[in-house]
Amino acid sequence: MDRVSSFDEPLKKLLGGATAKVMAEHLDLHTVGDLLHHYPRRYEERGKLTALADLPLDEHVTVVAQVADARILMFNNGRGKRLEVTLTDGSGRLQLVFFGHGVHKPHKELLPGRQAMFAGKVSVFNRKMQLAHPTYQLLDASDADEATEAVDAFAGRLLPIYPACKQLDSWRIAKAVDAVLPSAQDAVDPLPASLREGRGFTPLPEALLKVHRPQTKADIEDAKARLKWDEAFVLQVALARRRYADTQLPAVARRPVADGLLDAFDAKLPFTLTEGQEKVSKEIFDDLATEHPMHRLLQGEVGSGKTMVALRAMLTVVDAGGQAAMLAPTEVLAQQHHRSITEMMGELAEGGMLGGSDRGTKVVLLTGSMGMAARRQALLDLVTGEAGIVIGTHALIEDKVRFHDLGLVVVDEQHRFGVEQRDALRSKGKQPPHLLVMTATPIPRTVAMTVFGDLETSVLDQLPAGRSPIASHVVPAKDKPHFLARAWERVREEVGNGHQAYVVCPRIGDDAEETEGKKGKAKKKTAEEDPEKRPPLAVLEIADELRKGALAGLSVEVLHGRMHPDEKDDVMRRFAAGDVDVLVATTVIEVGVNVPNATAMVIMDADRFGVSQLHQLRGRVGRGSAPGLCLLVSEAHEASPARARLSAVAATLDGFELSRIDLEQRREGDVLGQAQSGVRSSLRMLTVIDDEEVIAAAREEAVAIVAADPELEHLPELRTVLAALLDKEREEYLDKG
């Protein structure tokens, strides 16, 4: 069998159809290689031998003892069966208990007088120490040496505990691993020999053996160090190759033009740019001036002025004869960006129109719900080049959208878009356009290196002058209902002082959406029946309650994703104009909505939102000169992880710190799931949050290797492993750039 194929061998050939089917359906394991990379989650120690007189409660123990007696007892009117076995070792006595179908084998084997080893967790039942369903191994009393050896091997072993599922428990997975373990010898080692030896890593076949069947704790550490490195390194090589391929693509250099749109725009700005905005703008302008496409990630807190930086980049490209497109995740946000950009540009956004500036350009909006006439005009303005800037949603990616000369793509809130959507828009340029990706979700450095590893990173970490501090507090609605009453009083006070407020709820609340059962059968439980299971609070219900109760007399409006776009726009306009006191909304307001006069936010069922999302929402208040207030309302128990999460949000305004907490709680699955898009989520051993040094070192090695040998011609093993990681479709994507 050649070296690659034994890893590609389907599991059903070795394990039988039924086991293979469960592994495929419930654990996503299909081949021998998949199972060998299904690592133990932790290891149980059976524990050294313990005398029966010294048994510690609640610990795993191994004992050698003799069966004193064994008897089957019936219970539940003869329907249930239990086997009770009493052991003795001369120092004390211990009871074992087996239930149900588990009684047959031990009943036949554990006969009075037999000696055996037993391992399990010590508990107390009826004031007696017992082991329930222990594992055991019979000892042959006739051969004392052999018995001693067996005891040592049994008691000293580290037992791997595998990520399992209801249909297949850990010990059956361990048995399956035993069946495929010989194939570990065929593992293709992706690490160049010089790197492996230089860093003193265990060879890969040995690392696989050690991770599955360790003799000592040092074996586990050895194996983990090696397997973590492989994961980080292979992913970083894939990303380094993508970056390298991008530097080989041609692009039109877009250099700033003196006395153009950008200069005219800068001249009319009523404030000076922050130091950070100047620095990041320079990085972007330098990239735009090169003849291969810029790929830059711009991250900055809510309100750090990213849109301003992006707009200046777009104006530079228009000055240089190109067009710029901004891709937003929702219609509300696209409309908001269009409105704020045309307001910031003034007459410069009315190129070719009466009263427009002769240096100006047209700024058009393109969304799915626009009327036919407006849409046709926008498409025409793009293809003729009349419009220098277009802002839109996914509608921009459609086939019928054509550009005169697309020079820059700006993607807002990158975590809402896959790489494919980014690339689909980029393919609309005559040559690959420059790319600027923006996010207000702060990303820890390691995640940026892993998830956005094909982008260079710029960070805006200072807020513009005039931004106000935001005070955040947790409101425990269940334990202290008067706190919630006080929260609504605070909203009234803010409105009384001429300000406005948001109330955010996790769901909308019309019947079209809340069907917990299958095929639209709603299974609603009342809070009395099961308070834990009550549906999340809803916009329509809360708005109704507030209008009739705590906020009666104030102007309360709703905003959610299922409203008609014109209706949404109308509500947003009236809120921005100050005609609405309180806006009750879903997370549609999470990104980009900018109303400086809104100073208070109440988030209902706050524990139903993620940490980063709460931070994003909170960023909607305190955008003007008055201080902001954010109240996190929750019914979660004081000692629960949900409350701990809310306290963390209330305790700091540092988005990077919060994104770290968020990541620690969600671990890597969510972070890498969508973002790798096409790369099978390959991280099993590496944890993005804890292994910063490994990732940074792997990135360094990967960059050096790809610079020296972009095609990896001299590293066929690394090429083989990469091919397995990047599925075919994805490879084509990389080729297309």
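Details of the structure are given in the entry above.
This section reports on the structure supplied with the text. (Residues numbered from 1 in each chain as written. Predicted model: local features only at pLDDT ≥ 70, side-chain atom pairs only at ≥ 80, totals over all residues. Heavy atoms only, no water.)

1. A few points about the environment of Ala585
Piece 1. As for its position among the elements, Ala585 is in strand E19 (residues 582-585).
Piece 2. Overall, the relative accessible area of 0% leaves Ala585 in the buried class.
Piece 3. Sequence spacing of Ala585 and Pro506 is 79 residues, and the spatial spacing of their C-alpha atoms is 8.7 Å.
Piece 4. Discounting chain neighbours no more than four positions away, the residues touching Ala585 are Val503, Val504, Cys505, Val539 and Leu559. (Helix = DSSP H or I, 4+ residues; strand = E, 2+ residues; numbered from the N terminus. Buried < 20%, exposed > 50% of the residue type's maximum accessible area, 1.4 Å probe, protein only. Contact = heavy atoms within 4.5 Å.)

2. Quick word on the pattern of salt bridges
Piece 1. Under the definition given, this model contains 35 salt bridges.
Piece 2. Residues Arg71 and Asp69 are paired through a salt bridge, measuring 4.0 Å at the closest nitrogen-oxygen approach.
Piece 3. Residue classification places Arg71 among the partly exposed positions, given a relative accessible area of 46%.
Piece 4. For Asp69, a relative accessible area of 29% corresponds to the partly exposed category. (Salt bridge = Lys/Arg side-chain N within 4 Å of Asp/Glu carboxyl O.)

3. Quick look at the pairing of strand E20 (residues 598-603)
Piece 1. In terms of burial, E20 is largely enclosed, as six of its six residues are buried.
Piece 2. In the sheet, strand E17 (residues 500-504) pairs with E20 via five bridges, with the strands oriented parallel. Among the inter-strand pairings, Val503 is bridged to a residue of E20, identified as Val602.
Piece 3. Direction of pairing for E20 relative to strand E21 (residues 628-634): parallel, over a ladder of four bridges. For Met601, the partnering residue across the bridge sits in E21 and is Cys630.
Piece 4. Crossover connection from E20 via helix H21 (residues 611-618) to parallel E21: handedness right-handed. (Pairing = 2+ DSSP bridges. Right-handed = clockwise from strand over helix to strand, strands pointing away.)

4. Side note on empty space enclosed by the protein
Empty space among the atoms can be located by rolling a probe the size of a water molecule over them.
Piece 1. For the structure shown, the criterion picks out two cavities of 30 Å³ or more.
Piece 2. Each pocket or cavity is described by its volume, and for the second largest cavity that value is around 30 Å³.
Piece 3. Along its surface, the second largest cavity is lined by Val332, Gln335, Gln336, Arg339, Lys568, Asp569 and Met572.
Piece 4. Of all the secondary structure elements, the ones that give two or more residues to the lining of the second largest cavity are helix H14 (331-345) and helix H20 (565-576). (1 Å grid on protein atoms, 1.4 Å probe; cavity = no way out; pocket = protein on both sides within 12 Å on 5 of 7 lines; lining within 4 Å. Points joined across faces, edges and corners; volume = space filled by probe spheres on them.)

5. What about the environment of Pro190?
Piece 1. Residue position: Pro190 is located in the loop between helix H7 (170-180) and helix H8 (193-198).
Piece 2. Among all residues touching Pro190, those that are not within four sequence positions of it are Leu204, Arg226, Asp230, Phe233, Val234, Glu717, Leu718 and Val721.

6. Re the sheet that holds strand E9 (residues 295-300)
Piece 1. Taken together, the seven strands give an open sheet; going across it, the order is E11-E12-E10-E13-E14-E9-E15, and neighbouring strands pair in parallel fashion. Lying at the two open borders of the sheet, with one neighbouring strand each, are strand E11 (362-366) and strand E15 (456-460). Pairwise comparison of adjacent strand axes, ignoring direction, gives a mean angle of 20° for this sheet.
Piece 2. Here five bridges tie E11 to strand E12 (residues 387-392), and the two strands are oriented parallel to one another. Within E12, the residue paired with Leu366 across the bridge is Gly392.
Piece 3. Of the strands in this sheet, E9, strand E10 (323-327), E12, strand E13 (406-412), strand E14 (434-439) and E15 touch helix H13 (residues 306-319), which is tilted by about 170° from E13.
Piece 4. Contacting E10, E11 and E12, helix H15 (residues 372-384) runs over the sheet at an angle of about 130° to E11. (Axes fitted to C-alpha atoms, helices over the stretch in contact; angles between N-to-C directions.)

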